[in-house]
Amino acid sequence: MKLALSTWPEGTKTREFEESDESLGLDKDLYRFSEPIKVNLTVHKASNEVIIEGRVGTTAYADCVRCLEDVAMTVDETFRRVASIVPDAQVSEDSGDPDFTFLPESQPEWDLTEPLREIVMLALPDNPLCREDCQGLCPICGANRNQESCNCNGAAGRTPLAQLGELLDQHRKNGS
Ligand SMILES: [Zn+2]
Ligand SMILES: [Zn+2]
């Protein structure tokens, strides 16, 4: 999303926007965004200085990394960014401060796509969990250990070799 600052009114204005996951380039491999991403911006503009105080909110869904159940994660982040509109020649590639941007006066357009994408992605965990103590799935029978207990625990310690040993023991005891 871009703010066209050449036509943006002076003073303080609040605007609301709705973005989609596509428009912000959000990672859809890990997260599903079934709701719009709501962006609320309070923009303070005084001649060539612009300050944005924003809030971004949405709900993202992912599979729990342990039990694969659906997890809903609320994003509600506030942020602040500052920009100066300067002569084109003064626009350096990098201001050195990620929260501070130089915009060329010939085309003072403020692209907030990347900052918003970063804010949303940083608010989401790398390893989504349905709950901190999720017990995950049984690696043997696939049962969801949060919902049911299975009888695989005992068998987990018995390797095929151990089971063969038991069979041999039985064979000897039977004396045949
Ligand atoms: Zn889980
Ligand atoms: Zn099991």
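Higher on the page you've got the structure.
Below you will find a few notes about this structure. (Residues numbered from 1 in each chain as written. Chains lettered and ligands numbered in written order. Predicted model: local features only at pLDDT ≥ 70, side-chain atom pairs only at ≥ 80, totals over all residues. Heavy atoms only, no water.)

Comments concerning the coordination of the zinc ion (ligand 1)
Condition: Donor atoms: N, O and S within 2.8 Å of the metal, or within 3.2 Å for Na, K and Ca. Because water is excluded, sites can look incomplete. Geometry is assigned from donor-metal-donor angles: four donors are tetrahedral when every angle falls between 85 and 135 degrees, four are square planar and six octahedral when opposite donors sit over 155 degrees apart with all other angles between 65 and 115, and any other arrangement is irregular. Each helix corresponds to a stretch of at least 4 residues labelled H or I by DSSP, and each strand to a stretch of at least 2 residues labelled E; elements are numbered beginning at the N terminus.
Looking at the metal site, the zinc ion (ligand 1) is ligated by Cys64 (SG), Cys67 (SG), Cys130 (SG) and Cys134 (SG), spaced 2.3 to 2.4 Å from it. Here the zinc ion (ligand 1) is ringed by 4 donor atoms whose angles at the metal span 104 to 115 degrees, and the overall shape comes out tetrahedral. In the primary structure, the donors to the zinc ion (ligand 1) are separated according to the pattern C-x2-C-x62-C-x3-C. In this pair, cysteine 67 is assigned in the loop between strand S4 (49-63) and strand S5 (70-86) and cysteine 134 in the loop between helix H2 (113-123) and helix H3 (152-156), connecting sequence segments 67 residues apart.

What to know about the sheet that holds strand S2 (residues 11-19)
Short version of the rule: When DSSP finds at least two bridges between two strands, those strands are taken to pair. Angular values range over 0 to 180 degrees, each being the angle between N-to-C directions of two axes fitted as lines to C-alpha atoms, with helices fitted over their stretch in contact. Whether two residues are in contact is decided by their heavy atoms: any pair within 4.5 Å suffices.
The 5 strands are arranged S2-S3-S4-S5-S6 in an open sheet whose pairing can be described as mixed. Edge positions in the open sheet fall to S2 and strand S6 (100-104), since each of these has one partner strand only. The sheet shows a mean angle of 25 degrees between the axes of neighbouring strands, direction not considered. Sheet topology note: the S5/S6 ladder contains 5 bridges and is parallel. What sits directly across from valine 86, in S6, is proline 104. In this fold H2 packs onto strand S3 (37-46), S4 and S5, with an angle of close to 145 degrees to the strand it touches most, S5.

Some thoughts on the coordination of the zinc ion (ligand 2)
Going by this rule: Burial classes: relative accessible area under 20% of the type maximum marks a residue as buried, over 50% as exposed, and values in between as partly exposed (1.4 Å probe, protein chains only).
Protein-derived coordination of the zinc ion (ligand 2) comes from Cys138 (SG), Cys141 (SG), Cys150 (SG) and Cys152 (SG), at a distance range of 2.3 Å. Taken together, the 4 donor atoms coordinating the zinc ion (ligand 2) and their angles of 107 to 112 degrees define a geometry best described as tetrahedral. Expressed as a motif, the donor residue spacing for the zinc ion (ligand 2) is C-x2-C-x8-C-x1-C. For cysteine 150, a relative accessible area of 21% gives the class partly exposed.

Without other data, these values stay purely geometric and don't point to any function.
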